[in-house]
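Spelled out from the first residue to the last, the chains are:
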Amino acid sequence: MRPLIVIGNWKMHGSLASNQDWLKSVARGMQSGMPAGRKFAICPPFAYLAQCGSLIKEHAIAFLSLGAQDVSSQGSGAYTGEVSAAMLKELGCQYVIVGHSERRQLHHEVDEVVAAKALQVLDSGMTPVICVGETADERNSGRAEEIVCAQVAKQVSVLQDRLADCLIAYEPVWAIGTGKVASAQVAQDMHRAIRLRLAEFDEDVASHVGILYGGSVKPDNAVELFAMPDIDGGLVGGASLNPQDFLAICQA
Ligand code: 13P
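Keep in mind the model is a prediction, meaning the values are calculated, not measured.

Caption draft 1: Focus on the pattern of salt bridges. If you walk through the whole model with that rule in mind, you get 15 salt bridges. Notably, a salt bridge pairs Arg195 with Asp230, separated by 2.6 Å at the nearest N-O pair. Of this pair, Arg195 sits in helix α8 (residues 184-201) while Asp230 is found in the loop between α10 (219-226) and β8 (233-236), placing the two residues 35 residues apart along the sequence. In this pair, the class of Arg195 matches that of Asp230, namely buried. Measuring nitrogen to oxygen at the nearest pair gives 3.5 Å for the salt bridge that ties Glu200 to Arg197. In this pair, Glu200 and Arg197 are both assigned in helix α8, three residues apart and thus about one turn of the helix distant. Looking at Glu200, the relative accessible area reads 63%, which means it is exposed.

Caption draft 2: Local environment of the site of the ligand. Residues in contact with the ligand, as listed here, are Asn9, Lys11, His100, Glu171, Ala175, Ile176, Gly177, Gly215, Ser216, Leu235, Gly237 and Gly238. Within the contact set of the ligand, an oxygen atom lies 2.9 Å away from a side-chain nitrogen or oxygen of Glu171. One nitrogen or oxygen atom from the main chain of Gly237 is found 2.9 Å from an oxygen atom belonging to the ligand. Partitioning the shell around the ligand into residue classes produces three nonpolar, seven polar and two charged.

Caption draft 3: View of the pairing of strand β6 (residues 167-170). Both faces of β6 are covered, namely the face carrying Leu167 and Ala169 and the face carrying Ile168 and Tyr170. As paired elements, strand β5 (residues 127-132) and β6 share four bridges and run parallel to each other. Residue Val132 lies in a different strand from β6, and its bridge partner there is Tyr170. Here β6 runs beside strand β7 (residues 210-214); their pairing, made up of four bridges, is parallel. Across the sheet, Tyr170 pairs through a bridge with Tyr213, a residue of β7.

Caption draft 4: Fine view of the nonpolar core. By size, the foremost hydrophobic cluster in this structure holds 69 residues, and its most contacted members are Met30, Ile42, Leu64 and Ile194. For Ile42, the residues in contact, after removing those within four places along its chain, are Gly8, Trp10, Trp22, Leu23, Cys52, Ile56, Leu64, Ser65, Leu66, Gly67 and Phe246. Ile5, Ile7, Val129 and Cys131 belong to the second-largest nonpolar core, a separate cluster that totals 12 residues.

Caption draft 5: Quick look at the state of the cysteines. Applying the stated rule across the entire model yields zero disulfides. With no disulfide of its own, Cys149 has Cys131 as its nearest cysteine by sulfur position, at a separation of 16 Å. For Cys149, a relative accessible area of 14% corresponds to the buried category. Cys166 forms no disulfide, and the closest cysteine sulfur to it belongs to Cys131, at a distance of 12 Å.

Caption draft 6: Helix α7 (residues 144-159), seen in detail. For α7, which comprises 16 residues, the first-to-last C-alpha distance of 23 Å matches the rise-based estimate of 22 Å (1.5 Å per residue) to within 8%. Buried within α7 we find Ala144, Ile147, Val148, Cys149, Gln151, Val152, Gln155, Val156 and Leu159. The secondary structure elements touched by the buried residues of α7 are α4 (101-106), α5 (111-123), β5, α6 (136-140), β6 and α8.

Caption draft 7: Highlighting the environment of Gly37. Secondary-structure assignment places Gly37 in the loop between α1 (16-31) and β2 (38-43). Every residue in contact with Gly37, bar those within four places of it in the chain, is listed here: Pro3 and Leu4.

Caption draft 8: Structural view of the packing of α5 against α7. Taken N-terminus to C-terminus, the directions of α5 and α7 make an angle of 50°; their axes are 9 Å apart at the nearest point. In this view, α5 runs oblique relative to α7, as classed from their interaxial angle. Here α5 runs over α7; the crossing is right-handed. On α7, the residues that touch Asp111, Glu112, Val114, Ala115, Ala118, Leu119 and Leu122 of α5 are Gln151, Lys154, Gln155, Val158 and Leu159. Of the residues assigned to the contact of α5 with α7, the class counts are seven nonpolar, two polar and three charged.

Caption draft 9: Just the pairing of β7, in detail. In terms of residue burial, β7 counts as a mostly covered element, since five of its five residues are buried. Of the two faces of β7, the one carrying Gly210, Leu212 and Gly214 and the one carrying Ile211 and Tyr213 are both buried. Pairing of β7 with β8 involves two bridges; the strand directions are parallel. Within β8, the residue paired with Gly214 across the bridge is Leu235.

Cut-offs applied
Residues numbered from 1 in each chain as written. Predicted model: local features only at pLDDT ≥ 70, side-chain atom pairs only at ≥ 80, totals over all residues. Heavy atoms only, no water. Salt bridge = Lys/Arg side-chain N within 4 Å of Asp/Glu carboxyl O. Helix = DSSP H or I, 4+ residues; strand = E, 2+ residues; numbered from the N terminus. Buried < 20%, exposed > 50% of the residue type's maximum accessible area, 1.4 Å probe, protein only. Near = heavy atom within 4 Å. Polar contact = N/O pair within 3.5 Å; in protein donor to acceptor, adjacent residues only side chain to side chain. Nonpolar A, V, L, I, M, F, W, Y, C, P; charged D, E, K, R; others polar. Pairing = 2+ DSSP bridges. Core = buried A, V, L, I, M, F, W, Y, C linked by side-chain atoms within 4.5 Å. Contact = heavy atoms within 4.5 Å. Disulfide = S-S within 2.5 Å. Expected span 1.5 Å × (residues − 1). Axes fitted to C-alpha atoms, helices over the stretch in contact; angles between N-to-C directions. Parallel < 35°, antiparallel > 145°, perpendicular 65-115°, else oblique. Left-handed = near helix turned anticlockwise from the far one by under 90°.

This is the structure:
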């Protein structure tokens, strides 16, 4: 049985003061217990990982893990501005998002780089959250499944059996930050297609890998999305910045 996982991707938001308030509210909200068999994490900007890690400990928020939004594809060396997987592990991260569409579009990250990052994350004992997804043009031209399955196939070719220790996040680019959520059925169909593509490689890996949905997840659509058989949780952007919305999605 795959656990339901909700991960908040804060993107480039937050401040020392607002993070403190956010964690205080979520600590209070989680105090009365959370649904069993679920996992929750937040991915703040690199600059706030240490602060958020200590606040999670200070408030004893046992239900909440820490994650990062990106990582270097290299282990160490002369890579100005980069952050290695070992550093993220040392700061207490359990998850690392790789290949987010904003990195693919704005920083020209290709599938090979995404896979190299996922390997760094795995080698440091953390879980990569590998993002895939099609643009509006790709969907409108009827190629959504072909594009997404090709992205998945690239990861399969590099990561092989190690994919069993990864999460995949299906994030249609047209649904990110736009309020245009994929309907639960459209999302389910793509999650199913991803799982079938994984099963072509290995049935066991396919049944183990958690596939999260991302793109305008809100408290009012999370219930329907999470009820789908191949949707194993959500990667939540905007709504994760509001502690009450994040809690409501975690409980959906
Ligand atoms: P929104 O939830 O703001 O659409 O962002 C989704 C996302 O990109 C999460 O990684």
